[in-house]
Amino acid sequence: MKSLPPLPGVRAATVAVLGRELQVQTDHPESLAAAVRVLEETFRDMDSQCQVRWGSVPKGLDTPSWYLLGALNLAHRVARLEQEANQHTQNLEQTLSKLLNDVPDEPSAPVPFLDEDGD
């Protein structure tokens, strides 16, 4: 397969996951590297869980299925984080609404800083 030149503003990068390499184009190489670390951590966690439960990765599990399970694990994590973020946003909106309800509509009369004597 012929490699295409990078688009303007992006550069070609090679990503290696589970011993397989993939050429990608990115304008955020730091984010890409972080994503690869998260993906590799997910696969290590999956390996560890299989070690604990079955002693090894199940024999009938092929590489595409393993990738799919990794993707499902990450998608589940993203969905859970989005749900938590939405709940946090709703909590903040409720708190802000309560605070705004406590603010009087009309400003109170100004209070002098000094007594009329100047004390």
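Residues numbered from 1 in each chain as written. Predicted model: local features only at pLDDT ≥ 70, side-chain atom pairs only at ≥ 80, totals over all residues. Heavy atoms only, no water.

> So what exactly am I meant to see when it comes to the overall build of the protein here?
Of the regular secondary structure elements, the protein holds 2 helices and 2 strands. Traced from its N-terminal end to its C-terminal end, the protein shows the element sequence β-β-α-α. Burial status across the protein gives 9% buried among its 119 residues. Pairs at least 24 apart in sequence give 29% of the contacts found in the protein among residues at least 6 apart. Accessible surface for the protein amounts to roughly 10300 Å². Of this, 57% is attributable to carbon and sulfur atoms. (Helix = DSSP H or I, 4+ residues; strand = E, 2+ residues; numbered from the N terminus. Buried < 20%, exposed > 50% of the residue type's maximum accessible area, 1.4 Å probe, protein only. Contact = heavy atoms within 4.5 Å. Areas by Shrake-Rupley, 256 points an atom, 1.4 Å probe, with all protein chains shown as cover.)

> What is the right way to read the nonpolar core from this model?
Within soluble globular proteins, side chains that are nonpolar tend to cluster in buried spots. Within the largest apolar cluster, 7 residues are counted, these being V15, V17, V36, F43, M46, C50 and W66. Among the elements of the structure, β1 (11–17) and α1 (29–54) are those that each provide at least two residues to this core. For this core, the element with the highest residue contribution is α1, accounting for 4 residues. If we skip the residues at most four places from it in the chain, V15 touches R20, E21, L22, V24, L32 and V36. (Core = buried A, V, L, I, M, F, W, Y, C linked by side-chain atoms within 4.5 Å.)

> Looking at this structure, I do not really get the layout of surface pockets. What am I missing?
If you roll a probe as big as a water molecule over the atoms, it shows you where there is empty space left. Counted as a void, the largest pocket has a volume near 200 Å³. Lining the largest pocket are T42, D45, M46, Q49, W66, L69, N73, L74, H76, R77 and R80. Contributing elements (two or more residues each) for the lining of the largest pocket: α1 and α2 (63–102). Broken down by element, the residue count for the lining of the largest pocket peaks at 7 residues, all from α2. Split by residue class, the lining of the largest pocket holds 4 nonpolar, 4 polar and 3 charged. (1 Å grid on protein atoms, 1.4 Å probe; cavity = no way out; pocket = protein on both sides within 12 Å on 5 of 7 lines; lining within 4 Å. Points joined across faces, edges and corners; volume = space filled by probe spheres on them. Nonpolar A, V, L, I, M, F, W, Y, C, P; charged D, E, K, R; others polar.)

> When you look at a nonpolar patch on the surface in this model, what are you seeing that I'm missing?
Together, L68, L69 and L72 make up a nonpolar patch on the protein surface, roughly 280 Å² of accessible area in all. Mapped onto the secondary structure, L69 falls in helix α2. (Patch = residues over 30% accessible without salt bridge, like charges linked within 9 Å, V, L, I, M, F, W, Y side chains within 5 Å. Salt bridge = Lys/Arg side-chain N within 4 Å of Asp/Glu carboxyl O.)

> Please clarify how the pattern of salt bridges should be interpreted in this entry.
One side chain can pair with another of opposite charge once the charged atoms of both are near each other. For the coordinates displayed, the defined rule picks out 1 salt bridge. Close ionic contact of R80 with E84 constitutes a salt bridge, the shortest N to O distance being 3.8 Å. Here R80 and its partner E84 are both found in helix α2, 4 residues apart, which amounts to about one turn of the helix. The exposure class assigned to E84 is partly exposed, which follows from its relative accessible area of 44%.

> What exactly am I supposed to notice about the pairing of strand β2 (residues 20–26) here?
Successive residues of a regular strand alternate their side chains across the two faces of the sheet. Where β1 and β2 come together, 7 bridges link them in antiparallel fashion. Considered in β2, the bridge of A13 is made with V24. Hairpin remark: β1 followed by β2, antiparallel, with 2 residues in the connecting loop; positive phi at L18, about 50 degrees. (Pairing = 2+ DSSP bridges.)

Geometric values such as these leave the question of function open.
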